[in-house]
Amino acid sequence: MSQNQSAAGIRDDDLAMTRTAWPARAWSALCSLLLQSPSAFIGAIILALIIFSCFVVPTLLGQDGEATNLLNTFVPPVWQEGGSWSVPLGTDNLGRDVLGRILVGGRVSITVALCAVAIALTVGLVLGTLSGFYGGWVDSIIMRVGDLFLAYPFMLLTISVIALLGPSLTNLIIILALADWVTYARTVRGSVIAVRNKDYIRSAEAIGARNRTIIRRHVVPNILAPILVLATVRAANYIIWESGLSFLGMGVPPPTPTWGIMLAEGRNYILNAWWLVTLPGLAIMFTILSVNLLGDGLRDAMDPRLKRVGK
Amino acid sequence: MLSHILKRLGHTVLVIIGISIISFVFLQLSGDPVGLMLPQDATSQQIEELRHKLGLDDPVIFQYLRFAGNALQGDLGRSLFSNEPVAGLILERLPATVELAFFSMAFALVIALPIGIVSALKRGTIIDTASMILALFGLSMPHFWLGIMMIMLFSVQLGWLPTSGRGSFLHIIMPAAAMGISMVALFARLTRSTMLEVLGQDYVRTARAKGLPGYLVIGKHALKNAMIPVITMIGMEFGLLLGGAVIIETVFAWPGVGRLIVQAIMDRDYPVVQGAVMLLAMVFVMVNLLVDLAYGWLDPNVSLQGESK
């Protein structure tokens, strides 16, 4: 075990020898990375705040973002003349509370991103591990099919499937995940090939461990950290794509508020109600910014090369 | 080198066949055209006759081969909505999309490369930090939202630029900039990191040690090598441009293929959707083929690796 600095910044021999369950180990590795990088830490905190505001605050306030009030349309945000504290970010063309809609709208984006990441990550992890561990024809088939997915511009693939199946929350998640599994599979494959010939895998083979056991106990735990960082970066993309699709009317159908729908509706009123299109966009931007900060920070903390240059 | 090119060509042909199979399957799944072509009260005999006439009762494999054969001859079927040939509809709008993609990419590179290079050279200074923070913001903005913000500022408030349509150079500034911004961020970051890597290499130190002036070290030795990953990225990001065009063309009423796709989806005109998606996917594959070949030509290591495998 000469090379004991794995990509995660944790020692391979620690991983191979300790007997704690690997999800716990991956979790603690992730936490230590978070503490190493201030930007990741800030990103994580902002993201946690956003998730809390979207999923908990509207429920506490009894908001669903769908209640209309035609007597109270186009109220500007509170800091502008005519604004009111009862609707801090103003109301839209149907008198709906913009703040409430932004908060509730975040649920769709965050749910889609998290679920799509979970599915794509699982599929990519399984196929990428098979591909990298076994090589040969398994590898060829999986990677050739993957090439085909990569050949499509992502947005076009999702749009043509949604046009076929119709827009819904479930379809959106499945389509994003299926269009993107190959990104994970390729990264996983690369990492698996990198650890495949490490001494601890060889020794596990030498003592007669079954492939399944080796993959589960020795391969996956050691490649998980870089994949989680990739997942963070991809999640930011899913949020942009989800809002883009719902902007085009191909996301979660109304009346459920989503950021994309708010942008599409607000676009019609840019002449007299700037807040309708500006504020949901800022919500998207800050969410993605926090995810990017988290992802970048984790990546920098993990990448030994970058660290060396930095010191 | 030749075997690298041949291998790459073979791979491209396989991918294109794959794309055509997927398109064919999607078209099959999108429904039976016969139901749309005949009146509601058509007898089952009439339906059978039309199916036979259209060849829909042939085995699927023959239907695919006919589809692929027609596609090769430039026949992608007809629009269910306007009954015009799909290929014609697409080709009519393709130049607008290509123009937009080209200008977005040019915009991105012209801004990103200097930022990336300067950030790398002035590493750790306020210039570097500021550019990288800006890049992070650029990456985090949805481009269609940025497009709307630009319309609000430059068209509605200032009245400098037209809100939509295609024509003069003024028309392309906003869509190209909106679509280019996230790529500015990507390319600036990539250029910075590859430059940093290259600047630490022995050959750059040697060039410096032998007394070469700074601009020559950067321009001749560092930049040329740092550009290799950037060129690969250009090919990959081209897909983002073609996909992003779907939304940005809608925002700016840009008469390209993206808008055609969106309109066709609203009209439930699936042959047009599928034809356009298939064609853009193939354009993307060809661009990546060209990038790969250029890459092999720029970096001799690639072709050597290809042969030793």
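What counts as what
Residues numbered from 1 in each chain as written. Chains lettered and ligands numbered in written order. Predicted model: local features only at pLDDT ≥ 70, side-chain atom pairs only at ≥ 80, totals over all residues. Heavy atoms only, no water. Helix = DSSP H or I, 4+ residues; strand = E, 2+ residues; numbered from the N terminus. Rg over C-alpha atoms; globule rule 2.2 N^0.38 Å. Contact = heavy atoms within 4.5 Å. Areas by Shrake-Rupley, 256 points an atom, 1.4 Å probe, with all protein chains shown as cover. Lys, Arg positive; Asp, Glu negative; His and termini not counted. Charge placed at Lys NZ, Arg CZ, Asp CG, Glu CD. Buried < 20%, exposed > 50% of the residue type's maximum accessible area, 1.4 Å probe, protein only. Polar contact = N/O pair within 3.5 Å; in protein donor to acceptor, adjacent residues only side chain to side chain. Buried area = accessible area lost by both parts, 1.4 Å probe. Salt bridge = Lys/Arg side-chain N within 4 Å of Asp/Glu carboxyl O. pLDDT = per-residue confidence, 0-100. Axes fitted to C-alpha atoms, helices over the stretch in contact; angles between N-to-C directions. Parallel < 35°, antiparallel > 145°, perpendicular 65-115°, else oblique. Left-handed = near helix turned anticlockwise from the far one by under 90°. Expected span 1.5 Å × (residues − 1). Bend = angle between axes of the 7 residues up to and from the residue. Phe/Tyr/Trp six-rings, centres within 6.5 Å; stacked < 30°, edge-to-face > 60°.

## With respect to the overall build of chain B
Thought 1: On a plain count of helices and strands, chain B comes out with 13 helices and 0 strands.
Thought 2: Scanning chain B from its N terminus toward the C terminus, one meets helices and strands in the order α-α-α-α-α-α-α-α-α-α-α-α-α.
Thought 3: Over its C-alpha trace chain B gives a radius of gyration of 24 Å, far above what one expects of a compact globule, namely 19 Å for 309 residues.
Thought 4: Residue pairs in contact within chain B that sit at least 24 positions apart in sequence constitute 73% of those at least 6 positions apart.
Thought 5: For chain B, the computed accessible surface area is about 15600 Å², with 67% contributed by carbon and sulfur atoms.
Thought 6: If the 20 positive side-chain charges of chain B are averaged to one point and the 20 negative ones to another, these points end up 16 Å apart.

## Structural notes on the environment of R144 of chain A
Thought 1: When you line up the elements, R144 of chain A lands in helix α6 (residues 136–151).
Thought 2: As a C-alpha pair, R144 of chain A and L230 of chain A span 86 residues in sequence and 21 Å in three-dimensional space.

## A word on the side chain of S131 of chain A
Residue and element names in this part refer to chain A.
Thought 1: With respect to the helices, strands and loops of the structure, S131 is situated in helix α5 (residues 98–134).
Thought 2: Residue classification places S131 among the buried positions, given a relative accessible area of 1%.
Thought 3: A distance of 2.4 Å separates polar atoms of two side chains, one belonging to S131 and the other to D139.
Thought 4: In contact with S131, not counting residues within four places along its chain, are D139, I142, M143 and R189.

## Quick word on the interface of chain B and chain A
Quite often, the size of an interface is put as the accessible area lost when its parts meet.
Thought 1: Contact residues are listed per partner, giving 45 residues for chain B and 41 residues for chain A.
Thought 2: Of the roughly 3700 Å² buried where chain B meets chain A, counting both sides, 80% is carbon and sulfur surface.
Thought 3: For the pair chain B and chain A, the number of links is 1 salt bridge.
Thought 4: For R189 of chain B, the salt bridge goes to D296 of chain A, with nearest N and O atoms at 2.9 Å.
Thought 5: Summed over the shared surface of chain B and chain A, the result is 9 residue pairs in polar contact (both at pLDDT 80 or more).
Thought 6: Looking at the side of chain B that touches chain A, the elements with two or more residues in it are α1 (2–29), α6 (126–140), α7 (143–157), α8 (169–199), α10 (214–251), α11 (257–266) and α12 (270–298) of chain B.

## Remarks on the confidence of the model for chain B
Residues and elements named next belong to chain B.
Thought 1: Mean pLDDT for chain B: 81, with 94% of residues reaching 70 or above.
Thought 2: Within chain B, helix α5 (residues 86–121) carries the highest mean pLDDT (89), whereas helix α13 (residues 300–308) carries the lowest (48).
Thought 3: Both scores are available for the predicted complex, with the pTM at 0.83 and the ipTM at 0.81.

## Section: the packing of helix α7 (residues 154–165) of chain A against helix α10 (residues 211–247) of chain A
Residues and elements named next belong to chain A.
Thought 1: At their nearest, the axes of α7 and α10 sit 12 Å apart, and the two run at 45° to each other. Overall, the two elements α7 and α10 adopt an arrangement that is oblique. Pair α7 / α10 crosses with right-handed handedness. From α7, F154, M155, T158, I159 and I162 reach across to α10, where they touch W241, G244 and L245.

## A word on α1 of chain B
Residue and element names in this part refer to chain B.
Thought 1: With 28 residues, α1 ought to run about 40 Å at 1.5 Å a step, and its terminal C-alpha atoms sit 41 Å apart, in line with that.
Thought 2: H4, R8, T12, V15, G18, I19, S20, S23, F24 and F26 are the residues of α1 that are buried.
Thought 3: The positive-phi residue at the C-terminal boundary of α1 is G31, with phi of around 125°.

## Description of the pattern of salt bridges
Residues and elements named next belong to chain A.
Thought 1: Across all of its chains, the model carries 13 salt bridges over all chains by this definition.
Thought 2: With its nearest N and O atoms 3.6 Å apart, the salt bridge here joins R101 to E265. Remark: E265 occurs in helix α11 (residues 259–266) and R101 occurs in helix α5; sequence separation between them is 164 residues.
Thought 3: Look at R101 and you get buried, because its relative accessible area is 2%.
Thought 4: Relative accessible area serves as the criterion here: at 26%, E265 is assigned to the partly exposed category.
Thought 5: Each member of the salt-bridge network shares a partner with another, and the members are D92, R96, R101 and E265.

## Description of unusual backbone geometry
Thought 1: With an omega of 10°, the peptide bond running from P254 of chain A to P255 of chain A counts as cis.
Thought 2: The residue A253 of chain B is not glycine, and still its phi comes out positive at about 50°.
Thought 3: Position of A253 of chain B relative to the elements: it lies in the loop between α10 and α11.
Thought 4: Even without a glycine there, the phi angle at R268 of chain B is positive, about 55°.

## Quick notes on α5 of chain B
Thought 1: With 36 residues, α5 of chain B extends 51 Å from end C-alpha to end C-alpha; this agrees with the ideal 52 Å at 1.5 Å per step.
Thought 2: The axis of α5 of chain B is deflected most strongly, by about 35°, at R93 of chain B, and proline P95 of chain B appears within four residues downstream.

## Things to note about the side chain of N292 of chain A
Thought 1: Looking at the element boundaries, N292 of chain A is found in helix α12 (residues 274–302).
Thought 2: Taking the relative accessible area as the measure of exposure, N292 of chain A reaches 9% and is therefore buried.
Thought 3: Residue contacts for N292 of chain A: discarding those within four places in its chain leaves A236 of chain A together with L136, L139 and S140 of chain B.

## A few points about the packing of aromatic side chains
Thought 1: One pass over the full model with this rule turns up 12 aromatic pairs over all chains.
Thought 2: Both rings, one in W79 of chain A and one in W274 of chain A, keep their centres 6.4 Å apart while their planes meet at 45°; by these two values the pair is tilted. With W79 of chain A in the loop between α4 (57–61) and α5 and W274 of chain A in helix α12, this pair connects stretches of sequence that are 195 residues apart.
Thought 3: Using a relative accessible area of 55% as the deciding quantity, one classes W79 of chain A as exposed.
Thought 4: Residue classification places W274 of chain A among the partly exposed residues on the basis of a relative accessible area of 27%.
Thought 5: For the ring pair F102 of chain B and F103 of chain B, a centre distance of 5.8 Å and an interplane angle of 85° mean the geometry is edge-to-face.
Thought 6: What makes F102 of chain B exposed here is its relative accessible area of 55%.

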